[in-house]
Amino acid sequence: MKAKEKGKKNKTPSLGPTTFSSLKDLKDVPVSSALDENESYLKELFADCSDVVMRPFEADPGVRSLAVMVDGLVNSTLVQRSLEMLMTYWQEEPNDVEELVERVIPASQIKLVDNYEDMLDGVLSGDTALLIEGNAQAILIELRGPNLRSISKPSTEEIVRGPQEGFIESIRTNTSLIRRRIKTPQLKMKPLKLGRRSRTNVAVAYVEGIVDPKLVPEVMARLSRIDVDAIFETGQLEEYIQDSAFSPFPQVQISERPDAVCAALMNGRIAILVDGTPMVMIVPTVFINFLLTVEDHYERFQFSTFLRWLRYTFLILSLLVPSLFVAATTFHPEMIPTSILLSIAADREQIPFPAVIEVLIMEVIFEALREAGIRLPKQIGSALSILGALIIGQAAVEAGIVSAPVVIVVSITGIASFTIPQYNGAVALRLLRFPLVIISSIFGIYGILLGTVLLIGHMANLRSFGIPYLAPIAPASTGDMEMTLIRMPHWYSVRRPGYLHPQDEVRRSMQVKNDIKQQGGSVGKDSQESGQSKPSGNQQDSGSGASNEPQQRQQDRQDGRPDDKDPRGGGPEGGADS
């Protein structure tokens, strides 16, 4: 047999070193056909590794075998059942590995490997390796244990209406959550292993036929060139693949919601999943994505539009209110109404510090309370954040360290920053408040204008995988911008965001949109009226003749192609994926 001939050629291989920097160094170390050599080499490799189990046993014909696994990564019940099947029902020739795999081992995923890199990579990932005397191949059987944590609500992206399940630390569970929502073979998930020692599983997910074909090779190239000992979280990958390493603005969106990731995939973006973390990276990303939530598309479009503008307004407040207060009280008191100015002056009469020091003190205290509330247990942290802010603020005012208006300004700023849905987007604005406060204390309102111009210029210069960071505002795109500022009804938004350059631009048929517009917003109005009174033949003829639209436009509607004469109907829905 072929396996037997291979075993004769590789009867006494020279096994490799026991010290190495990466499993790739064992690529050229073959699996020996002598079971004793394999067992001896494995014991040297896994010396002082109490969690690695090597279980010798004999199959039914008396063939010596060895099962290698990691305790805690495998399902002990399935392993025991598989070994029982081998010892009881194996009646074939000992060298017939293919027959053994096909007829005896009760597992769905089985792989044959002939080198130690592939074998150890499988064992350390949760597979069980089966070595048989006289065979120069190892059988990897997927008998992995269950997930350590069940699917639960996302902790960082709370919503009122919509799915209440989030990703967990198992990459295979996370890919299944995406697959359940996008049931098409066009959903691709390319596997990668990153980290010389950690060998972390990474999956790059995208929808073929929608995503820009130039984007996938770029993402794979950036990930492939990462050469590091270990990767444990998406935050580490983010710093390796982002376009501008020194920018405070994140160029990668993070989400732990499967519905948000699926919406991004359907818009032509790419998701990067890392084993061991529930956070999924979405690229490319524009700044407006950090201000949108997936719940915007679950609520009524009027209410969602109101919430969007509320976030846009509070974004500006969270960034500029402290610096505007410092500039107005220090250089431009004429900007403040007289009654309010007199009240501020009376409160600050006994304060020994200038306005900039007051604001900086309260900002630092507020940030410290927020950080303490995150790190402490949830029940204690929320109480500490609220009570701490009240007690410290009141005590600081009574002690004459800060004035009451400063406490109000910092409180408004903190509340405004909480309205930003994406945590990593809000962090950038929290950092930028401090330099704006300092520059406003030196140059006043002109310093704020200068800082704002520099900030916008920096953002306009940023790219995320080649996509302008301020798209669709700069460069301006009328259709994309309209759909970003206003959450249009689902039947109205026909195309995907144009700045992502999707292959398939049309997301839904034009027929429903045209019917609703013709009926004045009443869906099914014509059908209800026709059911009540059936028109006569002459009425039918006159009704058909009343339509003055060309036959080609009617055919385009039936085929789902956009209406070229509708200037807004074909506009892409910018940021629809949150």
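The structure we're discussing is the one just above.
Engineer: Please clarify how the sheet that holds strand β6 (residues 187–194) should be interpreted in this entry.
Structural biologist: Note on sheets: strands pair through backbone hydrogen bonds, and any given pair is parallel or antiparallel. Pairing within the open sheet is antiparallel, and its 5 strands lie in the order β6-β7-β9-β10-β8. Since the sheet does not close on itself, it has two edges, and those belong to β6 and β8 (253–255), each with one partner. Sheet twist, expressed as the average angle between the axes of neighbouring strands with direction ignored, equals 25°.

Engineer: Just checking my understanding: could you explain helix α14 (residues 404–418) for this structure?
Structural biologist: Counting along an α-helix, one turn takes 3.6 residues, and residues three or four places apart therefore face a common direction. Relative to the 21 Å expected for 15 residues at 1.5 Å per residue, α14 spans 22 Å between its end C-alpha atoms, a close match to the ideal helical length. By the burial criterion, the buried members of α14 are P405, V406, V407, V409, V410, T413, G414, A416 and S417.

Engineer: Just to check I follow, could you spell out the pairing of strand β7 (residues 200–207) for this structure?
Structural biologist: Each regular strand displays side chains that alternate between the two surfaces of the sheet. Counting buried positions over the 8 residues of β7 gives 7, a clear majority of the element. Across 8 bridges, β6 lies against β7 in antiparallel orientation. In the sheet register, L194 faces β7, and the bridge partner there is T200. In sequence, β6 turns back onto β7 through a hairpin of 5 residues, with G195 there showing a positive phi of about 100°. In this sheet, strand β9 (residues 270–274) lies alongside β7 in antiparallel orientation, the contact comprising 4 bridges. By the bridge assignment for β9, V204 is matched with I272.

Engineer: Can you help me understand the sheet that holds strand β1 (residues 52–58) in this one?
Structural biologist: Pairing in this open sheet of 5 strands is antiparallel, and the strands run β1-β2-β4-β5-β3 from one edge to the other. The sheet is open, and its two borders are formed by β1 and β3 (110–113), each paired with just one other strand. Averaged over all pairs of adjacent strands, the angle between strand axes in this sheet comes to 20°, irrespective of strand direction. Two strands pair when backbone bridges link them, and strand β4 (residues 128–132) and strand β5 (residues 138–141) are joined in this way by 4 bridges, in the antiparallel orientation.

Basis of the calculations
- Residues numbered from 1 in each chain as written.
- Predicted model: local features only at pLDDT ≥ 70, side-chain atom pairs only at ≥ 80, totals over all residues.
- Heavy atoms only, no water.
- Pairing = 2+ DSSP bridges.
- Helix = DSSP H or I, 4+ residues; strand = E, 2+ residues; numbered from the N terminus.
- Axes fitted to C-alpha atoms, helices over the stretch in contact; angles between N-to-C directions.
- Expected span 1.5 Å × (residues − 1).
- Buried < 20%, exposed > 50% of the residue type's maximum accessible area, 1.4 Å probe, protein only.

Read these as geometric descriptors, not functional statements.
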